[in-house]
Amino acid sequence: MSFYLAIVGTKDNAVYDLEFGTYRQGGDGRPKFSADMKQLCPFIVHSSLDIVEEMQWNTNVMHLKVIDKFYNYLISSYMTAGNIKFLLLHETRADDVIRQFFVDLYDLYVKTLMSPFYSVDQPITSAVFDQRVKMLAKKYL
Amino acid sequence: MEVYPPEYLCHNLPLMLVRGLTTNSSKTSQSTLNTSSPDSPLGSPLIDTSFPDGTELFKAFTEGGEGGIWEGSAVKADRKAHAPVFRVLAVGKDYQLPAKKASPLSPVSVSSFSSSGPKSPSSHSPLSPFSPESPLFPDGIISQFWLRKYRNSLPAVFVSFHEIFTESEGTQSKSSHDNDLIKELNDLKRQFSERNVKFVAVVVSRRSILQSIDLNERISYLRKNTGLDAKSGLFSLPPCSPLEIQTFAKELKQALYPIALDFYSTLLKHARRKRARNGGSQYPPVSSGHQLSAAGWNIRYEFKQAVFAEFRQEIDVAIKLYGIAYESLLEYFDSISIDSPRWNEARMILDTMAFKILKCNLYQCQPVMAQKVFNVHIESVTALVEKKFSTKDTYSYFAWKAQQYWLLAQLLDVVPEDISPRSVPFTGVNTTVVGPDFPSANVLHHSGFQYLGAAGLTIERARRAKNSVPEPLDLYLVPPPEQEQYFDHSGLVLSLLETAYARFNKGDGSQTRMQAYIAHEIAQMRFKEGNYEDALKYFHLSETEYRREKWYTILGSMISEAIIAARKCGNKFELVKLQIESLSKEFAPWNSGVANISNFLDGSEDASEMPVYVVDSDSIVSFVEAHFAFMATEAHLATSVVGQLTLRSQHTPAVGAVRMSSVQLNFTGGLKPILIKHDDTLSGSRAQKLELSDIAGEYSDAKGYLVFQPGEVRTFEISQPIKTLGTLTASSLIVTFEESSFTAKLAVNLATVPFDDALSKWWTEDGGKLYSQRLTSSLPRSITVIPKQPHVDVISGLKGPAYIGEKLTIPLTITSREDEDIRLSVKIKAQNVEGQFNVPTTWIGSDESSDAIELGTVPAFSSVQCQFSLSIPSDACDLIVDVAATYILLSEPDISIVKSHAIDLPVIFPFHVSYDLTPRIYPRRWPSPFFIYDLQSHSPPITKRWCLSAVIDAVDLQHLEIHDYEFDVSNVVSVHCNLLEDRPKEFQRDTSSSDAYQHNFMIDVTNNDPAEKRIATADAKLTLSWRRTNMDSGSEDNSFTLPTLKLTFPLLEPRVLMDVESTSSEHVHLVYFIENATSHLLTFSVTLDLNNDMSLSYPIRHQMRQQSYSKDFDEQDHASRQEKVPLQHANFAYEGAKQVGVRVLPYTARRLDYELLPLAVTSGWQRVPALRVYDTHFKKSLSVFPASEKFRVDFKTGAVHVNISSTP
């Protein structure tokens, strides 16, 4: 199973993105997207922002669960209090695990935000952040 | 959609056939079932084209229903509010009813029905599976021909138009024509009644009832002989207006609608009966041995029932019946062989029924149910296909699925938006219907999503078409594998995607990301098929969205594809633009083969042309970042402003250094563009101070080093004198790259450049390194240019306020503190504070009427004077006079400096006047009542004297001088007024109040009215001529008219006047006059009271303090007088009657004398004893009025005082 994660800023700009695979069922953590799909992932995730925009006002929870379905891929979304969107493209439905992943990711993001050298909507280029997200992925997905 | 016969998809409406109207419409019935039609002479003339109302009539009939895929108005539950909707078709002479039975085999014409032989009990409909000529023979369920029969040829209502003969007046010919018509109508009626079709005749006449009197009679005759009643059988239509025709058509439809519904309910009952008899079990087996099973017959009748319910517009019944038929058919598939041609037929019926159920749910405004039906249909058929063919991974399955999405999409295109709203793509997590794997699985999305789904499935189909084909293969709706190879899949996908894009792109700014995604899909497909023009167009549509949201991940790969497309189609502008964009370091990870600017066009350009490509940096992700800041936020005119341009090139390191040929900086607000040209020799400094040359030309030229390493910052400082007032803003920047074969220009709008914290600084260089410091201004690229500080003073010579109606002259002194000569002009403007009106001003000593005056050259440190006059308005208000002294220094003639000075000018009344009207003793005797003066009058002319004393005060009295006055009494009623002319020419200052003027006006009032009037009235008007005494240049004479004073004189009232004849320290001689101006004899009791109580005192009320201009002022006046009267208790002995009865004859005055002897004091103001005069008849005390200035009255107590020492 493969995943594509995107963190979207307040101006709907991509702040961070990552492709990764599962460590379950003997996976090695590498994404196994086809060449077409690899190219398509950002498009699908980006177009699901249309739906996030509609849905975010209908609920008061941060985890919006699965919001879109595209070519048999599901997209889960999480809205932070600061209007940052986490979007995860995945293949099977696992709301609870993804919620835990998002909550921990939020924790990571907030820590990044507290850095005096980082401002909102700026792309996250920190290698440490990258490493930690991968560890989270390994832990949950 | 084209694969489905329209009969299966369109909505079924009650059919009305109209015969006898020749129309130019294409809406005519195609009764294809019976092709051979022997032309039957119908006897009566049909309405030909010359009949004027033919087309109009037909239009009126066909209004409403088309029988299309969506008929929202037809299914409205409330029939009364909505006009009934028929499917109306026109038929010609050759119309034939569809054959009822297959035998006799020859088709039956309308006219020849009468000759049809006896019916065979074993005969079946030509469409029945029993009839060998039927396409369903022997085991088909139902075909579209059956539906076509009820949609096109077998009507519920047949309306036949006939013309009644009115051309000739001959009774004979009329009756012959009428009889022919009766024969024909009877014939038609009989034929239609055999098929249970309602026959309606409309008899049209060319003449109205007025022109053809026997028309009514003839119509009744027709009705009587045909048995067609007036309500729903035979209608007559005289010539009428289009509106009347419409009403006629509407009413006709309303009358026939229930009959039409009955027609279909009869058919429905018939089908139900047949279904109940369990289908074909009763029929004999056909020779082939292969026949439709009982279950098949059941489905046939269930389907028929559902269709008839739909004809009846009973949507809920139709949903139920279609549902039953759908489920039966699904089970029936078990008994159909997949090789049989019946397989495809049954699949089509299944799709049709699912579509009908879905559509009926939409008619009932239940989109969630509709989506559920769609999902169930997809799932059921998928299960069926998997069961029958053991795999669904074939191109035919995906073709069928795509077809379902496409069908739904096209339906949603015509469904009104309130049923299938487009604005909300998903209803969100709170939807009550939660699907198995996806919360909004049962939410009906708008058609854009359906088209997109169809496109995706077609792509899947194309992929499967290349694979090897499993056996057996489902060939429903698809060509066989060898033809499928040549099917244009990509063309279909593209058309679906383009339709989807159009549906998403409704221009309301929503779902823009889906649009971008679809545009990208289309672009890529176009790109792959080599249509680079279109690919570029869609790349462009898609890029905009990703650029706006800065999704460089996506944009990077798109740009590299778009560059290829632009190169392939030779669009050089796009090629340059996209390659400039691709230089940005944002795209470095996705853009490996970035070209340097010089290689943008591969050198294929003709060098002699040198085309120029101008790219707007707002439309791309620009690698050039620019910022401009002024050092200060404000600058004085004619000083130099210092600004700094900061440039940073964020290009990808792959191309090395970037060399700009020139940079042009544009300003708004009075500074010429600055053109910085590249100069290799200036490479030393990164913070460069520009030396501007060519000040007189179009640009200010400068040289700078414009080669940038990746991420390098360079700054350019300018210093320019500014000569225009207002705001100066750095507006834009044009960066030019001149290459050997072309020129590229990048236009940067500084207003839209986003704020960059790292760049928006003031940069300084120290030791080869750049240091930055923060800017204080929020808008550093703008500077406000303010005028130079003036060094002159303006002083006004006016003291005090302005008075209303005054012509005021104000002197101005303007002193220059400049250390050189100036040229000065002064401009004034006077208006009220609210700015509602202007006051005209004139310069004194200038002939010009303008509001400005040129004062010429003023030497350094000296003064100049001028004066202007203005006419003060005659209302109290606050004026403000703006004085603007504008000057130029002789050394700087271009720059004018302004000194403003405002003079506040309150406008007030110059004088306040209070009046006092007191009686005086008329010195002469009154005329005798026994002498007749005037025959009209009953009474002698009695004269009474009054004194009107005016006290005039002012706020600034010492600077005002009254030098003349006018006093006049006008509007005198009932009396004659005589002003005593013993006045001084100048006003006297009041003796008691040195500040105020005082004057007494004596008025003799003589009664001259024949009728006895109690009071007389008059208006007193006082006009003062005055001038200011405090103006150095003298003042003009002004006049001020006080408001008119209303005087009231009592005429008849008896009164007691008191005067003093002489006073000294020893005695005071008081005289009392009791006046009787009436014609009655009056008796008074007179008592002199020496007590000091206040029982009788001076009657304040009767003192005629008639007018005071200002109340406050009046009260002040009282107060000042009280203080000046030393109140002492009187202590007199006296000589005279202490108590006496006095009779006063009519028109006479009686005099009483008293000699008072002061006992204790011998000087000062002494209180006079009060005289009580009591009218014994009227039981009333009379007031005693002091009639001389020798008395003083204490207004508080009413006590009268006399000065006993001042009188000699």
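Scroll up to find the structure this text is about.
Considerations on the overall build of chain B
Next up, step 1: In terms of regular secondary structure, chain B is built from 19 helices and 52 strands.
Next up, step 2: Out of the 1208 residues in chain B, the part that is buried amounts to 51%.
Next up, step 3: Considering only contacts within chain B whose residues lie at least 6 apart along the sequence, 77% involve residues at least 24 apart.
Next up, step 4: Surface exposure of chain B reaches about 54,800 Å², of which carbon and sulfur atoms provide 51%.

Focus: the overall build of chain A
Next up, step 1: A tally of helices and strands in chain A yields four helices and five strands.
Next up, step 2: Secondary structure of chain A in N-to-C order comes out as β-β-α-α-β-β-β-α-α.
Next up, step 3: For chain A, with 141 residues in total, the buried portion stands at 53%.
Next up, step 4: When contacts within chain A are restricted to residue pairs at least 6 apart in sequence, long-range pairs at least 24 apart make up 56% of them.
Next up, step 5: Approximately 6,600 Å² of chain A is accessible, and the part contributed by carbon and sulfur atoms is 53%.

Describing the pairing of strand β20 (residues 769-774) of chain B
When a strand is regular, its side chains alternate between the sheet's two faces.
All names here are of chain B.
Next up, step 1: Bridging between strand β19 (residues 761-766) and β20 involves six bridges; their strand directions are antiparallel. The residue of β20 that forms the bridge with Asp766 is Lys769.
Next up, step 2: Hairpin connection, β19 to β20: the antiparallel pair is bridged by two residues, and Gly767 has positive phi, about 60 degrees.

Some thoughts on the pairing of strand β21 (residues 782-786) of chain B
Residues and elements named next belong to chain B.
Next up, step 1: In this structure, strand β8 (residues 634-636) lies alongside β21, joined through three bridges in parallel fashion. Following the sheet pairing, His636 is matched in β21 by Ile786.
Next up, step 2: Examined bridge by bridge, strand β17 (residues 726-738) and β21 share four bridges and lie antiparallel to one another. Directly across from Thr729, in β21, lies its bridge partner Ser782.

Concerning the pattern of salt bridges
Next up, step 1: Under the defined criterion, the tally for this structure stands at 52 salt bridges over all chains.
Next up, step 2: Taking the shortest distance from any N to any O, the salt bridge between Arg148 of chain B and Glu7 of chain B comes out at 2.6 Å. With Arg148 of chain B in helix α3 (residues 144-153) and Glu7 of chain B in helix α1 (residues 6-9), this residue pair connects regions lying 141 residues apart in the sequence.
Next up, step 3: The partly exposed category is assigned to Arg148 of chain B, whose relative accessible area is 23%.
Next up, step 4: Exposure remark for Glu7 of chain B: the relative accessible area of 7% places this residue in the buried category.
Next up, step 5: We note a salt bridge from Arg503 of chain B to Asp413 of chain B, for which the minimum N-O separation is 2.7 Å. Placement of Arg503 of chain B in helix α14 (residues 489-504) and of Asp413 of chain B in helix α11 (residues 395-414) is noted, with a sequence separation of 90 residues between them.
Next up, step 6: One continuous salt-bridge network, built from bridges that share partners, spans Asp12, Asp50, Glu53 and Lys85 of chain A together with Arg513, Glu545, Arg548 and Glu549 of chain B.

Considering the sheet that holds strand β43 (residues 1082-1089) of chain B
Residue and element names in this part refer to chain B.
Next up, step 1: Taken in spatial order, the four strands make up an open sheet running β45-β43-β48-β49, and their pairing is antiparallel. Edge positions in the sheet fall to β45 (1139-1144) and β49 (1180-1182), since each has one partner strand and no second. Averaged over all adjacent pairs, the angle separating strand axes in this sheet is 30 degrees, with direction ignored.
Next up, step 2: Across six bridges, β43 lies against strand β48 (residues 1170-1175) in antiparallel orientation.

Section: helix α17 (residues 552-569) of chain B
Every α-helix winds through 3.6 residues per turn, so residues three or four apart in the chain are directed the same way.
Next up, step 1: The end-to-end C-alpha distance of α17 of chain B is 25 Å, a good match for the 26 Å that 18 residues give at a rise of 1.5 Å each.
Next up, step 2: Elements in contact with the buried residues of α17 of chain B: β1 (2-8), β2 (14-21) and α1 (35-47) of chain A together with α15 (512-529), α16 (532-548) and α18 (572-582) of chain B.

Examining the interface of chain B and chain A
Next up, step 1: Taken together, the contacts link 29 residues of chain B with 31 residues of chain A.
Next up, step 2: For the pairing of chain B and chain A, the buried interface totals around 2,700 Å² over both sides, and the portion due to carbon and sulfur atoms is 62%.
Next up, step 3: Counting the contacts that link chain B with chain A gives three salt bridges.
Next up, step 4: Mapped onto the side of chain B that touches chain A, the elements with two or more residues apiece are α12 (447-466), α15, α16 and α17 of chain B.
Next up, step 5: If one sorts the elements of the side of chain B that touches chain A by residue count, α15 of chain B sits on top with seven residues.
Next up, step 6: Of the residues in the side of chain B that touches chain A, the class split is 12 nonpolar, 10 polar and seven charged.

A closer look at the environment of Asp95 of chain A
Residues and elements named next belong to chain A.
Next up, step 1: If you trace the backbone, Asp95 turns up in helix α3 (residues 95-113).
Next up, step 2: Asp95 sits in the buried class, given a relative accessible area of 17%.
Next up, step 3: The spacing of Asp95 and Val66 is 29 residues in sequence and 7.6 Å in space, taken between C-alpha atoms.
Next up, step 4: Ignoring sequence-local partners within four residues, the contact set of Asp95 consists of His63, Lys65 and Val66.
Next up, step 5: A polar contact of 3.3 Å, which involves the side chain of Asp95, links it to the side chain of Arg93.

Let's talk about the packing of aromatic side chains
Next up, step 1: Applying the stated criterion across every chain yields a total of 54 aromatic pairs over all chains.
Next up, step 2: Connected via pairs of aromatic rings, a cluster forms that spans Phe3, Phe20, Tyr78, Phe86, Phe101, Phe102, Tyr106 and Tyr109 of chain A.
Next up, step 3: Its end group placed over the ring of Trp400 of chain B, Arg347 of chain B keeps NZ or CZ at 5.6 Å from the ring centre.
Next up, step 4: A cation over a ring is seen here: Arg461 of chain B above Phe487 of chain B, with NZ or CZ 4.2 Å from the ring centre.

Some words on the nonpolar core
Buried together is how nonpolar side chains tend to be arranged in soluble globular proteins.
Next up, step 1: If you look at the biggest cluster of nonpolar residues, it comprises 122 residues, and the most contacted ones within it are Leu329 and Leu362 of chain B.
Next up, step 2: Setting aside chain neighbours within four positions, we find Leu362 of chain B in contact with Trp70, Pro367, Ala370, Leu411, Leu412, Val415, Ile419 and Leu444 of chain B.
Next up, step 3: Residues Ala6 of chain A together with Ala626, Val663 and Phe742 of chain B belong to the second largest nonpolar core, which totals 117 residues.

Side note on the packing of helix α8 (residues 315-332) of chain B against helix α9 (residues 341-363) of chain B
Residues and elements named next belong to chain B.
Next up, step 1: In the contact formed by α8 and α9, the axes pass within 9 Å of each other and the chain directions differ by 155 degrees. As far as their axial angle goes, α9 and α8 are roughly antiparallel. Considering how the two elements wind past one another, α8 and α9 form a crossing that is left-handed. Counted together, Ile315, Ala318, Ile319, Tyr322, Gly323, Ala325, Tyr326, Leu329 and Leu330 of α8 and Ala346, Ile349, Leu350, Met353, Ala354, Lys356, Ile357, Cys360, Asn361 and Tyr363 of α9 form the full contact between these two elements.
Next up, step 2: Residues belonging to the contact of α8 with α9 are distributed by class as follows: 16 nonpolar, two polar and one charged.

Quick look at the sheet that holds strand β41 (residues 1055-1063) of chain B
All names here are of chain B.
Next up, step 1: Ordered in space as β44-β46-β42-β41-β50, the five strands form an open sheet in which the pairing is mixed. The open sheet has two edge strands, β44 (1132-1135) and β50 (1184-1186), and neither has a second partner. The mean inter-strand angle of the sheet, taken between neighbouring strand axes irrespective of direction, is 30 degrees.
Next up, step 2: By the bridge criterion, three bridges tie β41 to β50 in an arrangement that is parallel. What sits directly across from Leu1057, in β50, is Phe1185.

Some words on unusual backbone geometry
Residue and element names in this part refer to chain B.
Next up, step 1: The step from Glu471 to Pro472 runs through a cis peptide bond, and the omega angle for that step is -10 degrees.
Next up, step 2: With respect to the helices and strands, the residue Pro472 is situated in the loop between α12 and α13 (481-484).
Next up, step 3: The phi dihedral of Gln313 is positive, around 60 degrees, even though this residue is not glycine.
Next up, step 4: A relative accessible area of 6% means that Gln313 is categorised as buried.

Conventions used here
- Residues numbered from 1 in each chain as written.
- Chains lettered and ligands numbered in written order.
- Predicted model: local features only at pLDDT ≥ 70, side-chain atom pairs only at ≥ 80, totals over all residues.
- Heavy atoms only, no water.
- Helix = DSSP H or I, 4+ residues; strand = E, 2+ residues; numbered from the N terminus.
- Buried < 20%, exposed > 50% of the residue type's maximum accessible area, 1.4 Å probe, protein only.
- Contact = heavy atoms within 4.5 Å.
- Areas by Shrake-Rupley, 256 points an atom, 1.4 Å probe, with all protein chains shown as cover.
- Pairing = 2+ DSSP bridges.
- Salt bridge = Lys/Arg side-chain N within 4 Å of Asp/Glu carboxyl O.
- Axes fitted to C-alpha atoms, helices over the stretch in contact; angles between N-to-C directions.
- Expected span 1.5 Å × (residues − 1).
- Buried area = accessible area lost by both parts, 1.4 Å probe.
- Nonpolar A, V, L, I, M, F, W, Y, C, P; charged D, E, K, R; others polar.
- Polar contact = N/O pair within 3.5 Å; in protein donor to acceptor, adjacent residues only side chain to side chain.
- Phe/Tyr/Trp six-rings, centres within 6.5 Å; stacked < 30°, edge-to-face > 60°.
- Lys NZ or Arg CZ within 6 Å of the ring centre and 35° of its normal.
- Core = buried A, V, L, I, M, F, W, Y, C linked by side-chain atoms within 4.5 Å.
- Parallel < 35°, antiparallel > 145°, perpendicular 65-115°, else oblique.
- Left-handed = near helix turned anticlockwise from the far one by under 90°.

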